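Close look at the chain arrangement
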Number of protein chains: 2
Amino acid sequence: MPNGGQPTIVSIAERAGVSIASVSRVLNGQGARRDTTERVRRAAAELGYVPNAVARSLKGGRTRQLTFAMPDIGNPVYVAMVRAIQGVAKAAGYRLLLHSTDAVAEDELAVLRSLRDRTSDGLILVPIRITEAHIDALVEAARPVVVIGSLPPGVPVDSVRADSVAGAALAVRHLHAVGRRRIAFVNGPSDTVPGHNRERGYRSALAECGLPHDPELVAHTDFGVDAGARAMERLLPARPDAVFCANDQLALGASHALLGRGLRIPEDLAVAGMDDSELAKLGWPPLTSVDLGSSERGRRAAELLLDRLEGHGGTPPDPPPAPEAGSASDAPGAPGAPGEPAPRATASGTRGVPTRTSTARPRLVVRASTAPAGATEAMRFA
Amino acid sequence: MPNGGQPTIVSIAERAGVSIASVSRVLNGQGARRDTTERVRRAAAELGYVPNAVARSLKGGRTRQLTFAMPDIGNPVYVAMVRAIQGVAKAAGYRLLLHSTDAVAEDELAVLRSLRDRTSDGLILVPIRITEAHIDALVEAARPVVVIGSLPPGVPVDSVRADSVAGAALAVRHLHAVGRRRIAFVNGPSDTVPGHNRERGYRSALAECGLPHDPELVAHTDFGVDAGARAMERLLPARPDAVFCANDQLALGASHALLGRGLRIPEDLAVAGMDDSELAKLGWPPLTSVDLGSSERGRRAAELLLDRLEGHGGTPPDPPPAPEAGSASDAPGAPGAPGEPAPRATASGTRGVPTRTSTARPRLVVRASTAPAGATEAMRFA
DNA sequence: GGAGTTCGGGTAAACGTTTCCAGGCGCTGG
DNA sequence: CCAGCGCCTGGAAACGTTTACCCGAACTCC
């Protein structure tokens, strides 16, 4: 025991009277004679042997660790992803390394570069924004990377994205369907891909419903509860009868602002959020929200990554159901011709396997905050 | 480049025309002649060299990784801890490995055992319950461990705990102070240490305020929003005028149940929660809650652990302010004689440094859900 | 000018595994 | 009975570092 007293393969070999090669073979389940196997097993058990994962990694070149890097662990959306990723990783025998980038682009690049230090076998990255530097770093990445978010076309990196254009449209159409006509929109920063796309979805759904686009009904702000409340205050003079918020935190902030002024939800204003995080259920009244599939995206990203790592990466992802016509993809580039289905896997790829892109389909979850006007009228006077 | 094409210390040595020892020395900032230093630096830069962390760990016996294991990443309390721990770890140059035990005791023991695989340098563990097996595993742990939670006295393991007895009492006294007399209590499982202690705090504060203890006003349930709602429903027939819940999720569930029945908060019933998680601010009305210092406990735990790891573990923790008289410690054992201050550091310890125990002091955060009866009456008829 | 000192750098061992290779032994088939 | 073939097994190399040790050269001091 020259080291910290922990038994090594050598201690076992000595105790069992065999060579270290035999110990390794037995412990890894390779063939050996009956009594050899038994002696090694017993010695290992008696000494309480546990293989040194570091040495194993050095030899094998794999650490069985994955890294998940996202902007902010405080956001329930990322918590949902962490949970999903951890589930997949654990089942596959991988550990999960967590990295919070605090939404700093430089930190994201550092994570990408640090893949060279061999600490983890692969990375799931949620970038806040994609710059040229990001693309370069992604292409140069020393290990497989899966991006959660939208990538410009042609970047040879697997990705999983949400169709937030369609998601936003879903919410707006729902508000229209329950009788709202002046639908306000509290968006996050418009210079991010999601911000841009949610606005696109909002406007296209307005048009589709035959509603005019009134700039007075739109506010841009940061993400965050207080930001949502302030934005709502600013929008009130424009007399909206509904508000759609780009995420649940904004929506809760907006709700607080409304309730604080004595307004009723949904009677006076309907409120809808986005992400369908834990918060949506917990708000009062419970929030209608668009589920962009955070868990599913996390799970899918982990699966894609593991697939690359395990090498049998040939199996193409089960193609998600084709999006309904008119719902554009989340990519910044122009979608293909309307009639033609969006390509689900591009040609170029790493290690021979084509790059895969998976899109989670948005789903509307209706709760009390957008109960139909008719129904609430009835309730109110019941 | 016999490996994955990544440069090693050998590639650099060849390119710079020096030995690998010199490369290592230069790169680790040890003395070398001017031109040697320069040649090595340049070669390393040109090749884009990044040291192999695994090899380094094998040699050095340290991975610069910490593990944080908690029951459920979905709980905002643990999210707060993750964030705090990640902050401390990152600043000290450590990576964070996340492990969700799903509140399975066997999984906790597995984590403890897996410390032998040398994957991480230390562990911060939030056990759901402490069994004999836990104590054995803790004592045998191959690496330093810090427990967040209450440990029986005498276990030579650093720990950080919340004074939930005092915290619960704080909430109950507050409800009494704002004029409530029939204070219900929705507790979590009573066979956990926190459940036990919160109940103790509740009862002692009732006694202190001269209120009778009515078993009809107490419900035990699981943690979770729905559980809180159901428990509240069950308690309503006992006609409480306030309810104190053992965490914010339960409190939100209770709020939902009340609001759903058309009751007003705080006019009809005041609601108070515990943990002061994100949820408290986000509820409607915003919840009064007792901050048990989740972030602080996380931070403190990380600091204690790093202190053990970095070896200069001599510095005793700044002794927390003595708890006010009457507030018992969180340990399951009987507290010392009332007059005598609880011991803040026990004698036995690992590696010569005495075991340290740090207790976070609870803090009441008052919000609208418990506005004083008088004030709300005034408001209501204003 | 020689001995002692200092400094810099090279060689090699070590961390704990896995795995390639070759040798030994027993068995089978001719 | 011998050749040949497998199966086991042990020795040794390799993964990429850090570091103990040693050697040579330059310098200092008497």
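Residues numbered from 1 in each chain as written. Chains lettered and ligands numbered in written order. Predicted model: local features only at pLDDT ≥ 70, side-chain atom pairs only at ≥ 80, totals over all residues.

Where an unreviewed UniProt entry is consulted, chain A appears under the name Transcriptional regulator, LacI family, with the organism given as Streptomyces zhaozhouensis.

1. Digging into the relation of the copies chain B and chain A
With an RMSD of 0.1 Å, chain B superimposes on chain A once it is rotated by 180° and translated 0.0 Å along the axis. On the angle and the small slide along the axis, the relation comes out as a two-fold axis. In terms of C-alpha distance to the rotation axis, chain B has leucine 97 of chain B as its closest residue, with the C-alpha 2.2 Å off the axis. Both copies share a contact surface, since 100% of the interface residues of chain B are interface residues in chain A too. (Least-squares fit on C-alpha atoms with pLDDT ≥ 70 in both. Contact = placed C-beta atoms within 7 Å.)

2. Concerning the packing of helix α1 (residues 9-16) of chain B against helix α3 (residues 34-47) of chain B
Residue and element names in this part refer to chain B. Their axes nearest at 9 Å, the elements α1 and α3 cross at an angle of 125°. With respect to each other, α1 and α3 are oriented oblique. Taken as a pair, α1 and α3 cross one another with a handedness that is right-handed. Facing α1, whose interface residues are Ser11, Ile12, Arg15 and Ala16, α3 presents Arg39, Val40, Ala43, Ala44 and Leu47. When the residues that make up the contact of α1 with α3 are grouped by side-chain class, the tally is six nonpolar, one polar and two charged. (Axes fitted to C-alpha atoms, helices over the stretch in contact; angles between N-to-C directions. Helix = DSSP H or I, 4+ residues; strand = E, 2+ residues; numbered from the N terminus. Parallel < 35°, antiparallel > 145°, perpendicular 65-115°, else oblique. Left-handed = near helix turned anticlockwise from the far one by under 90°. Nonpolar A, V, L, I, M, F, W, Y, C, P; charged D, E, K, R; others polar.)

3. Thoughts on the domain arrangement of chain A
Residues and elements named next belong to chain A. The domain boundaries assigned to chain A delineate domain 1 (9-51), domain 2 (65-163 + 294-316 + 346-351) and domain 3 (164-291 + 365-380). The interface of domain 2 with domain 3 comprises 10 residues on the first partner and 10 residues on the second. The element best represented in the side of domain 2 that touches domain 3 is helix α5 (residues 76-91), accounting for three residues. Classifying every residue of the side of domain 2 that touches domain 3 by side-chain character gives five nonpolar, three polar and two charged. (Domains from an automatic or database assignment.)

4. Overview of helix α7 (residues 132-140) of chain B
Since there are 3.6 residues in each turn of an α-helix, residues three or four apart along the chain are aligned in direction. Residues and elements named next belong to chain B. For α7, every residue scored as buried is listed here: His134, Ala137 and Leu138. Around the axis of α7, the buried residues are gathered within 100° of arc, so they sit on the same side. Residues of α7 that are exposed and point over 90 degrees away from its buried face: Glu132, Asp136, Val139 and Glu140. Looking at the buried positions of α7, the neighbouring elements they touch are α6 (105-114) and β4 (145-148). (Buried ≥ 20, exposed ≤ 12 C-beta atoms within 10 Å, placed from the backbone. Arc of directions from axis to C-beta.)

5. Overview of the packing of helix α4 (residues 53-60) of chain A against helix α4 (residues 53-60) of chain B
If you want to describe how two helices pack, look at the angle between their axes and the distance between the axes. Relative orientation of the contacting elements α4 of chain A and α4 of chain B amounts to 140°, with a least axis distance of 9 Å. Regarding the angle of α4 of chain A to α4 of chain B, the classification is oblique. As α4 of chain A packs across α4 of chain B, the resulting crossing turns out to be left-handed. Packed against α4 of chain A, whose contacting residues are Val54, Ala55, Ser57 and Leu58 of chain A, the element α4 of chain B presents Val54, Ala55, Ser57 and Leu58 of chain B at the interface. Its residues assigned to classes, the contact of α4 of chain A with α4 of chain B shows six nonpolar, two polar and no charged.

6. Re the confidence of the model for chain A
Interpretation of the predicted coordinates at a detailed level should be avoided for regions scoring low in pLDDT. All names here are of chain A. For chain A, per-residue confidence averages 87 on the pLDDT scale, and residues scoring 70 or more make up 85% of the total. Confidence drops under pLDDT 50 across residues 313-350; counting only partners more than four residues distant or on other chains, this segment forms 62 contacts. Considering only residues more than four positions removed or in separate chains, one finds that residues 376-382, a stretch of pLDDT under 50, has four contacts. (pLDDT = per-residue confidence, 0-100.)

7. A few points about the interface of chain B and chain A
Opposite the 36 residues of chain B that make contact, chain A presents 36 residues. Split by residue class, the side of chain B that touches chain A holds 19 nonpolar, 11 polar and six charged. Relative to strand β2 (residues 95-100) of chain B, strand β2 (residues 95-100) of chain A is paired through three bridges, and the arrangement is antiparallel. Bridge pairing in β2 of chain B links leucine 96 of chain A to leucine 98 of chain B. (Pairing = 2+ DSSP bridges.)

8. So, the UniProt feature "domain: HTH lacI-type" (unreviewed entry) in chain A
Sequence positions flagged by UniProt for "domain: HTH lacI-type" (unreviewed entry) are, in local numbering, residues 7-60 of chain A. End-to-end, the C-alpha atoms of residues 7-60 of chain A are 21 Å apart, and along that stretch the chain is 70% helix and 0% strand. (UniProt positions renumbered as here; feature names shortened; annotations may be inferred.)

9. Comments concerning the sheet that holds strand β7 (residues 218-220) of chain A
Residues and elements named next belong to chain A. Pairing within the open sheet is mixed, and its six strands lie in the order β7-β6-β8-β9-β10-β13. Unpaired on one side and paired on the other, β7 and β13 (363-365) mark the two borders of the sheet. Strand-to-strand, the axes of this sheet are offset by a mean angle of 15°, without reference to chain direction. The sheet contact formed by strand β9 (residues 270-274) and strand β10 (residues 288-291) spans three bridges and is parallel. Bridge pairing links methionine 274 to valine 290 in β10. Against the sheet, helix α8 (residues 164-177) touches β6 (183-187), β8 (242-245), β9, β10 and β13, its axis set at about 165° to β9.

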